[in-house]
Amino acid sequence: MQKSLLIALIVTVIGAVVIHQFGSALPAYAAFILGAVIVATVLSIMPNSASPSSDAKYVGPTKTLYVGNLPYRVHENEVKELFAKYGPVNSVRLVRDRKTGRRKGFGFVEMSDTGADKALGKLNDYSFQERTLKVREARSQESSSDREQ
DNA sequence: GCTGAGCGA
């Protein structure tokens, strides 16, 4: 949001300079206003590239999965891509020691409810990087949208 | 630099 405003301001200033170079008849403030109008028009024309404030996060019934027996050299993106085949992955957190930074070999994957169910059935005991993954539902902090009542 | 069961600051 604020980054977009900063970019818009920079583009506005650059556009104002360009416009000022084009027509010297226009004053500087008029060129600035014209540049602002142009930027506003461009931002309103293409909202697909500028309006999505965050990533393609999945909003809905989400469930946190526990992933154990992970290889130490695996990265979060690989786990994310692996689980993304069965459902929209919201976030991946690989647990590592905070002071030493060494990986503990397990992590948590937050994804959609249905995708988590499918991923649990497909990726449990799945041979990944010469390791057998252990996928279980997380014990605490179950669903963020489906509260217990 | 290492390891192998593990539910997270």
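Residues numbered from 1 in each chain as written. Chains lettered and ligands numbered in written order. Predicted model: local features only at pLDDT ≥ 70, side-chain atom pairs only at ≥ 80, totals over all residues. Heavy atoms only, no water.

Structural notes on the protein's contact with DNA strand B
And step 1. In the vicinity of DNA strand B lie 20 residues, with L70, R93, R98, K104 and F108 positioned nearest.
And step 2. Counting only atoms of DNA strand B within 4 Å of the protein, the sugar-phosphate share comes to 17%.
And step 3. One of the backbone N or O atoms of E137 is found 3.5 Å from a base nitrogen in DNA strand B.
And step 4. Those elements that place two or more of their residues in the surface near DNA strand B are strand 1 (62–68), strand 2 (89–96), strand 3 (103–112) and strand 6 (134–137).
And step 5. Per-element tally for the surface near DNA strand B: the top contributor is strand 3, with three residues.
And step 6. Taken together, the residues of the surface near DNA strand B sort by class into seven nonpolar, five polar and eight charged. (Near = heavy atom within 4 Å. Polar contact = N/O pair within 3.5 Å; in protein donor to acceptor, adjacent residues only side chain to side chain. Helix = DSSP H or I, 4+ residues; strand = E, 2+ residues; numbered from the N terminus. Nonpolar A, V, L, I, M, F, W, Y, C, P; charged D, E, K, R; others polar.)

Re the side chain of S112
And step 1. In this fold, S112 is placed in strand 3.
And step 2. For S112, a relative accessible area of 2% corresponds to the buried category.
And step 3. If we skip the residues at most four places from it in the chain, S112 touches Y58, P61, T62, K63, G87 and P88. (Buried < 20%, exposed > 50% of the residue type's maximum accessible area, 1.4 Å probe, protein only. Contact = heavy atoms within 4.5 Å.)

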